[in-house]
Amino acid sequence: MTVTTVQDEILIEQRASIIRSNDEDFANWAAGYGVIMHSAQTQLRIYELVCLLVTEGIITNKAEAYQQLAALDKLTCAAMWLVVHMTYTKNVFLDGRELTAADFKRQPQGHTGGSLNMVPGYMGYMGVNALTGITRQWLMGQGHCVAAIDAVNLLLENTTDVHKERYNWSEQGLTRFVRDFYSYLVNQQGKPVSPLGSHVNVHTAGATIEGGYLGFAGLYYVHQPMPDERLVAFLSDGAFEEQRGSDWAPRWWRAEDTGLVTPIMIANGRRIDQRTTMSQSGGSEWFKQHLALNYFDPVVIDGTDPAAFVWAIFEMENRLQARAEAVKQGKQHYPIKLPYVIAETIKGYGFPGAGTNAAHGTPLQENPAKSAEALIAFNQGAKKLWVSTDALKSAVKLVNNHNQAGRPKENRVKQSAEKSRVNCPPLNWKQELYNNCSPMAGWDEGFTLLVKENPHLRVRVGNPDELRSNQMNQTLDWLKHRVTQPERGVAEAVDGKVITALNEEAVVSAVLANQQGINLVVSYEAFAVKMLGALRQAIIFARHQKEAHQPANWLSVPVLLTSHVWENGKNEQSHQDPTLSEALMGEMTDMVRVLFPCDWNSALATMQSTYASYGQIWLATLPKLPVPILLPKDQSIKLLEDGAILVRGATEASIQLVAVGAYQLAEALKASDRLKEREIPHSLIYIIEPGRFRVARDKAEAEQLVVEEVMDNLFPDTIKTRVFVCHGRPEVYLGIMRQLDLGPKQTAAVGYINQGGTLDLGGMLYANKTTWAHILYQTAKTASLNPLDILSEKEIQAVTGGGDPYAIIDKPYQ
């Protein structure tokens with residue numbers, strides 16, 4: 001029953017009172033513990049839940065259930081007690097004594113208020129697992145609240161091996177634990193000494209994302225669990241403001257290919273400096289109306305009570321199962337009302353300073369190490385949260401019933417996933433060179449074959465817009481847009497695998513969440529830069545997994561950038577942006593592979609290599625328009641292996657052209673034709689993966705770089721002049737491939753120089769001084785040749801801006 005009137009409140013309290021009077025175990029739990037109190041409404045909900053669990057045979061008797069719930073109260077207080085110690089103290093005493101100024105850190109740090117709010121939620125997650133005998137996955141969007149997760153995990157002995165070796169529930173272990181929190185110490189390799197982070201990290205048991213970018217968990221959760229799995233997603237009201245797109249979750253959820261999800265918003269009403277928009281607009285009632293309009297089924301609970309979370313998770317799963325069954329029986333259709341929990345609380349509940357702006361970080365106004373008033377406040381607040389060691393041991397035993405229930409511990413639930421096995425189908429490699437074919441169409445055909453060959457893998461295609469325009473016709477026709485009301489004659493289906501929304505963050509997150517399946521993202525190059533935060537979060541987390549010797553098991557994710565700078569001239573300059581590939585070339589090359597396939601066959605080779613790898617992002621920028629097939633199958637595979645290939649000429653020649661990008665290779669080939677015509681010796685190299693030619697920044701990255709033999713063969717010391725022709729901004733490429741730069745007197749580079757507008761390909765090349773003639777002009781200047789020995793006077797005038805541009809480019813069709 002939801003409280004709506006005064007009469008409802010009286011009735012609920014009367015019923016709860018009757019139950020308390022007739023059930024001592026229930027009454028003992030209902031009395032609460034420390035700062036944990038149970039409203040009459042929560043009491044009734046728990047009573048109904050326990051009765052149901054007994055009836056279904058999930059638990060044997062009510063008394064054990066109430067004892068487990070009472071244990072949760074003690075554990076919640078203890079975890080909150082540890083959270084405030086993590087922020088403020090450098091010493092921990094299990095007897096709960098009052099601390100002195102000398103026991104406190106000189107610089108307390110932590111997102112303490114949010115962490116305090118997360119403790120009841122995460123403890124409720126642990127509690128429902130214990131009560132039902134089912135271990136669920138969890139996801140937390142507010143990664144800065146990691147202190148709550150780490151504190152509860154330590155208390156419940158649910159830690160990773162690294163934490164287990166370093167910490168335990170003793171004064172020595174806890175003192176080390178709180179001192180490691182924001183210790184800032186580094187080892188000789190420049191890595192943090194402490195496995196505790198300011199955000200969720202790979203040492204946080206059960207973690208799958210960092211949650212450093214607020215809001216992405218809200219885009220992940222509905223795509224993450226497999227049909228036989230359950231997921232609890234903790235979200236924040238601040239993230240609701242930060243990242244839009246989570247409102248669409250009911251559009252995507254299907255029981256046939258997705259597990260049970262329970263989104264829980266921790267509604268504490270504050271951002272960093274002020275109240276959230278939700279709080280200012282009317283609080284939970286306003287948010288309930290908003291959710292209802294977006295096809296959610298919202299329910300409000302007491303966010304200070306772990307038992308309320310236990311009830312909510314169980315109830316939301318039951319509602320979702322019932323609605324899925326109704327769809328199966330044909331009595332309902334998608335979208336179904338997706339249950340959603342609003343956990344009302346105040347920032348930092350349970351400790352002095354709760355509800356203030358300061359509670360976002362350190363809730364006390366001053367540092368107890370320096371302020372007598374703050375010292376008193378800390379001791380008073382901590383005293384209300386302290387639980388004796390003996391009481392905790394008994395409570396932990398009641399909740400840690402994994403062996404009895406035959407369920408995995410929470411720290412193991414995601415680690416059980418094995419690497420997805422992929423069957424690679426025969427691909428349609430083009431045999432006849434110089435025929436014009438769209439590289440995007442090649443990927444489209446190859447990907448469709450791959451999906452058909454692997455029906456055991458759940459597929460997600462992230463599409464912010466226009467798959468057909470980007471030549472992904474077969475993929476779309478086979479997999480179809482996921483919609484709730486398919487339109488006849490259009491590639492749409494209720495169970496479609498293509499997640500289409502005009503929101504780049506939402507569609508890339510749908511793919512990144514599908515860690516047990518096969519994925520693809522396709523985007524206009526300019527708009528894909530909006531995906532950077534989500535991609536970078538995944539890249540960093542996977543790199544940390546690798547460093548922890550627990551490499552990610554998910555199939556590598558390809559992100560295709562097309563309709564790119566050189567193809568999108570017909571639109572304004574906002575549509576001509578190579579930023580994403582440039583930014584991701586700055587990440588570690590062993591984790592993100594930034595490639596530029598130049599034709600159909602090299603696109604297939606890239607696709608084949610992508611799905612043969614794990615835990616990486618493969619960013620491929622490739623044309624959607626037809627371009628000549630320049631490389632046969634064997635050379636395309638060799639190109640992927642080596643990162644570069646000799647296209648023309650002899651590498652011992654002193655002049656070398658180096659192209660990155662399909663249209664750049666086309667212009668470089670034209671320049672090479674002229675050099676050959678003028679009998680000027682030279683070589684032309686195509687680099688598909690610039691990042692492999694960088695100076696390695698650590699050992700792991702060094703293992704990804706090109707081998708010394710390739711460097712010696714393709715880039716010998718005999719080269720005196722090197723001219724780069726780049727897809728993006730040339731300065732970025734020179735920086736990435738620093739060891740190929742012969743210095744400013746011997747090296748030139750052309751590429752995108754931030755010029756554009758409503759132009760065709762020729763106009764874009766000319767505006768950015770990247771035509772074949774510009775390449776030759778730079779070559780002549782750098783090699784100390786007379787430009788007139790290579791270019792005509794009319795061509796030179798066009799290059800230098802004093803002549804007709806159409807002396808060196810084709811006129812557009814009228």
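Thresholds, definitions, all that
Residues numbered from 1 in each chain as written. Predicted model: local features only at pLDDT ≥ 70, side-chain atom pairs only at ≥ 80, totals over all residues. Heavy atoms only, no water. Core = buried A, V, L, I, M, F, W, Y, C linked by side-chain atoms within 4.5 Å. Buried < 20%, exposed > 50% of the residue type's maximum accessible area, 1.4 Å probe, protein only. Helix = DSSP H or I, 4+ residues; strand = E, 2+ residues; numbered from the N terminus. Contact = heavy atoms within 4.5 Å. Patch = residues over 30% accessible without salt bridge, like charges linked within 9 Å, V, L, I, M, F, W, Y side chains within 5 Å. Areas by Shrake-Rupley, 256 points an atom, 1.4 Å probe, with all protein chains shown as cover. Salt bridge = Lys/Arg side-chain N within 4 Å of Asp/Glu carboxyl O. Lys, Arg positive; Asp, Glu negative; His and termini not counted. Charge placed at Lys NZ, Arg CZ, Asp CG, Glu CD. Pairing = 2+ DSSP bridges. Axes fitted to C-alpha atoms, helices over the stretch in contact; angles between N-to-C directions. Phe/Tyr/Trp six-rings, centres within 6.5 Å; stacked < 30°, edge-to-face > 60°. Lys NZ or Arg CZ within 6 Å of the ring centre and 35° of its normal.

Core analysis: the biggest nonpolar cluster contains 151 residues, and Tyr221, Trp253, Phe447, Leu535 and Ile687 have the highest contact counts within it. Looking at this core element by element, the count peaks at seven residues for helix H20 (residues 504–513). Beyond its immediate chain neighbours, meaning those up to four positions away, tryptophan 253 contacts Val222, Thr258, Gly259, Leu260, Val261, Leu320, Ala324, Tyr334, Ile336 and Leu338. Listed in part, the 101 residues of the second largest apolar core include Leu82, Trp138, Ala207 and Val299.

Looking along the chain, the bond that leaves tyrosine 334 and enters proline 335 is cis, with omega of 0°. With respect to the helices and strands, proline 335 occurs in the loop between helix H14 (306–328) and strand S5 (338–344). At tyrosine 182, a position not held by glycine, the phi torsion is positive, near 55°. Locating tyrosine 182 in the fold gives a position in the loop between helix H8 (171–180) and helix H9 (216–220). Even without a glycine there, the phi angle at serine 784 is positive, about 60°. Examined against the element boundaries, serine 784 turns out to sit in the loop between helix H31 (772–782) and helix H32 (793–799). Note on serine 784: relative accessible area 69%, which makes it exposed.

Moving on to a positive patch on the surface. Residues Lys90, Arg106, Arg179 and Lys370 make up a contiguous surface patch of positive charge. Along the chain, lysine 90 falls in the loop between helix H4 (62–88) and helix H5 (112–132). Judged by relative accessible area, which is 32%, lysine 90 ranks as partly exposed.

Further remarks concern the sheet that holds S5. One open sheet holds the five strands; their spatial order is S1-S2-S3-S5-S4, and the pairing between them is parallel. Because the sheet does not close on itself, it has two edges, and the strands there are strand S1 (137–140) and strand S4 (296–302). The mean inter-strand angle of the sheet, taken between neighbouring strand axes irrespective of direction, is 20°. As paired elements, strand S3 (residues 260–267) and S5 share four bridges and run parallel to each other. By the bridge assignment for S5, alanine 267 is matched with glutamate 344. Packing of H5 onto the sheet brings it into contact with S1, strand S2 (230–236) and S3, and relative to S2 it is tilted by some 170°.

Residue position: aspartate 810 is located in the segment after H32. Accessibility expressed as a relative area gives 63% for aspartate 810, which makes it exposed.

What follows covers the packing of aromatic side chains. Each pair of aromatic rings is reported with the distance of its centres and the angle of its planes. A full pass over the atoms with the stated rule returns 21 aromatic pairs. Summarising the aromatic geometry, the rings of tyrosine 182 and tyrosine 184 are spaced 6.1 Å apart at their centres and angled 75° between planes, so their arrangement reads as edge-to-face. Each ring, one from tyrosine 524 and one from phenylalanine 527, has its centre 5.7 Å from the other, and the planes form 10°; the classification is stacked. An aromatic cluster is present here, built from Phe26, Trp29, Tyr47 and Tyr66 joined pairwise through their rings. The ring of tryptophan 311 has arginine 45 sitting right over it, with the charged end atom 4.1 Å from the ring centre. In this structure, arginine 97 is placed above the aromatic ring of phenylalanine 93, and the distance from its NZ or CZ to the ring centre is 4.0 Å.

Another point: the pairing of S1. Side-chain alternation along S1 places Gln137 and Leu139 on one buried face and Trp138 and Met140 on a second face that is also buried. Bridge count for S1 against S2 is four bridges, and the pairing is parallel. Residue pairing for S2: methionine 140 is matched across the bridge by phenylalanine 234.

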